[in-house]
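Observations on the model geometry
Chain by chain, the residues run as shown.
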Amino acid sequence: MATLAFHDFPAPRTEQASSPSDRPAALRLIAFASMAVPIAGAGLPLALFVPQLYATHFGIPLATIGFIFLLGRLWDVASDPIVGVLSDRTRSRFGRRRPWIAAGGLLFGLGSVLLFFPPPALVGPLYLGLVLFVFYFGWTMIEVPFSAWAGEIDRDYDGRTRVVTYQLTLRSIGLLLTLVLPTLLDQIRPGDGALKLQVVGGFILATLAPALIASVLAFREHPLPPVAPDRVGAWKTVRIVFSDRLLLRVLGSDVAVTAGQSIRAGLIIFFAVNYMQLPAWASGLYLLQFVFGVLAGPIWLRIGYRLGKRRTAISGELAQAAINLGLILVFPGMLWLMIALTIAQGLTQGSGNLMLRAMIGDVADAHRLETGHDRTGLFYSVFSLSAKLGPALGIGLALPLVAWFGFDPKGTGTPGSLEALKYVFALGPALAHVLAAALIWRFPLDQAAHAEIVRALDGATPFPTAPRTT
């Protein structure tokens, strides 16, 4: 299924598209994007299996584990812009993104070995904290330059969307596999958390080595413009980010998108078990969504070629809002309708994430034209921060809200609390997706504007004024 999906990724057919000989070949894009598989595969077990194993098998108190993970996530958030800025400034014979990805891959691999195959004699709070420090930093050293490089491989408006589609589709496949593997293992060795962690860790390590080699060798980096690297302090970097209105609109939209997705992910188990009274389908529905989510990338890429990024992102967000509103029509036992809405959700999954991620590269081009500085790595690192803020907001708002309405997963909630759960599960994501669409409703950086920017950057025409409207 995944292989067929890749063959369906057509090259862009637009007036501004680069010539066929200039377009990155599909096999090269698959090789480059393969790094997304181990990266995506690490996220789910980190949240689901690592805390449980370190608490039950190694006796670390849950409160201590929670505090360690909080510190680790704060370090992760702080290191994103640091790596983004440093990768922008890097000058080497190997390029500026490739050295960071290679070094990050080694660090990420070391962190994965220590995290998923811990030596029992050494495990304790200090061990877990140090390992998470290494693991998160290696992750960031890969993720931020990897995203920035994807925005630089093909500067064509639609070509950039094509590159990012390969990235996000491989990411979906990696996430899907890490959902399937533990599910299958539960059928053979139910309750064996240590084995489950080792299997997932083995998957990450087995895919990391070939993916790392394929990614760093897939393309040569484009020659850098003959300007000195931009060197600014932390405070000016913050001012640069908050003064770029186009960037802020894309970031705000992405925060809303990921918040809506997180509300759904955080409540879907409660909805299936407590409201639908279908506990056997709790994990199956989530898995079903991701199975169809693998097909979403090629579908939305084609739509993006026809409508452009802004209108495609808006269409995808409004479609997701409508699907979530459809959950209001679901009542206990209506499995058929829930399955249909889950499949529809999977097919629209990531539409906004895909287009917004591709739009960041366009915004970086506009910023470079206006300021003379290439800050692509910084912009993608900030985009990475928005992808982390959205889930925090989604879960941080949804769970306290359903608890305030009296919902108790143990079944002792107040009258009406299950209806409240349903409406939060339906309306929360719907409102978030509508907000995401509204934030980019009149986004001015379309295909024609971007083509002018690229021509100006290449010196073919006098520099136009980049669109910087509110």
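Notes on the structure follow. Treat the numbers as computed from the prediction; the structure is a model and nothing was measured.

Okay, the overall build of the protein chain next. When helices and strands are tallied, the protein chain shows 18 helices and 0 strands. The 470 residues of the protein chain split such that 55% are buried. When contacts within the protein chain are restricted to residue pairs at least 6 apart in sequence, those whose partners lie at least 24 apart make up 83%. About 19900 Å² of surface is accessible on the protein chain, with carbon and sulfur atoms providing 69% of the total.

Checked against the element boundaries, Asp 362 lands in helix α15 (residues 351-371). Overall, the relative accessible area of 2% leaves Asp 362 in the buried class. Here the side chain of Asp 362 touches His 450 through a polar contact of 3.4 Å, side chain to side chain. Setting aside anything within four residues of it in sequence, one finds Asp 362 in contact with Tyr 157, Arg 160, Lys 309, Leu 445 and His 450.

Counting residues in each nonpolar core, the largest one holds 49 residues, and the members touching the most others are Leu 46, Tyr 54, Phe 108, Leu 115 and Leu 128. Only α2 (26-33), α3 (36-48), α4 (50-56), α5 (62-89), α6 (98-116), α7 (125-153), α8 (157-188) and α9 (193-218) provide two or more residues apiece to this core. Looking at which element gives the most residues to this core, the answer is α7, with 12 residues. By size, the runner-up hydrophobic cluster in this structure holds 40 residues, among which are Val 241, Trp 300, Ala 366 and Ala 449.

The subject of this paragraph is helix α16 (residues 376-404). Compared with an ideal rise of 1.5 Å per residue, which puts 29 residues at 42 Å, α16 spans 42 Å between its outermost C-alpha atoms and is within 8% of the ideal. Gly 406, located one to two residues past α16, shows a positive phi value of around 95 degrees.

Note that side chains of opposite charge can pair when their charged atoms are close. According to the stated counting rule, one finds 10 salt bridges in the structure shown. A salt bridge links Asp 88 to Arg 96; the nearest nitrogen and oxygen atoms lie 3.9 Å apart. The class for Asp 88 is buried, based on a relative accessible area of 8%. Residue classification places Arg 96 among the buried residues on the basis of a relative accessible area of 4%. The partner of Arg 96 in a salt bridge is Asp 374, and the shortest N-O contact between them spans 2.6 Å. Remark: Asp 374 occurs in the loop between α15 and α16 and Arg 96 occurs in the loop between α5 and α6; sequence separation between them is 278 residues. Judged by relative accessible area, which is 18%, Asp 374 ranks as buried. Look at the salt bridges and you will find they share partners, linking Asp 88, Arg 96, Arg 97, Glu 152 and Asp 374 into a network.

On to unusual backbone geometry, then. A positive phi angle, near 60 degrees, is found at Gln 277, a position not held by glycine. Among the structural elements, Gln 277 can be located in the loop between α11 (245-275) and α12 (282-307). Overall, the relative accessible area of 54% leaves Gln 277 in the exposed class.

Residue position: Ala 313 is located in helix α13 (residues 309-325). For the pair formed by Ala 313 and Gly 352, sequence separation is 39 residues and the distance between their alpha carbons is 4.7 Å. Those residues in contact with Ala 313 that lie beyond four places of it in its chain are Met 355 and Ile 440.

Further remarks concern the packing of α7 against α16. Two elements in contact, α7 and α16, have axes separated by 8 Å at closest approach and are oriented at 120 degrees. Judged on the interaxial angle alone, α16 and α7 are oblique. In the crossing of α7 with α16, the sense of the turn from one axis to the other is right-handed. Of the residues in α16, those in contact with Val 144, Ser 147, Ala 148, Gly 151 and Glu 152 of α7 are Thr 376, Gly 377, Tyr 380 and Ser 381. Residue composition of the contact of α7 with α16, by class: 3 nonpolar, 5 polar and 1 charged.

Rules used in this analysis
- Residues numbered from 1 in each chain as written.
- Predicted model: local features only at pLDDT ≥ 70, side-chain atom pairs only at ≥ 80, totals over all residues.
- Heavy atoms only, no water.
- Helix = DSSP H or I, 4+ residues; strand = E, 2+ residues; numbered from the N terminus.
- Buried < 20%, exposed > 50% of the residue type's maximum accessible area, 1.4 Å probe, protein only.
- Contact = heavy atoms within 4.5 Å.
- Areas by Shrake-Rupley, 256 points an atom, 1.4 Å probe, with all protein chains shown as cover.
- Polar contact = N/O pair within 3.5 Å; in protein donor to acceptor, adjacent residues only side chain to side chain.
- Core = buried A, V, L, I, M, F, W, Y, C linked by side-chain atoms within 4.5 Å.
- Expected span 1.5 Å × (residues − 1).
- Salt bridge = Lys/Arg side-chain N within 4 Å of Asp/Glu carboxyl O.
- Axes fitted to C-alpha atoms, helices over the stretch in contact; angles between N-to-C directions.
- Parallel < 35°, antiparallel > 145°, perpendicular 65-115°, else oblique.
- Left-handed = near helix turned anticlockwise from the far one by under 90°.
- Nonpolar A, V, L, I, M, F, W, Y, C, P; charged D, E, K, R; others polar.

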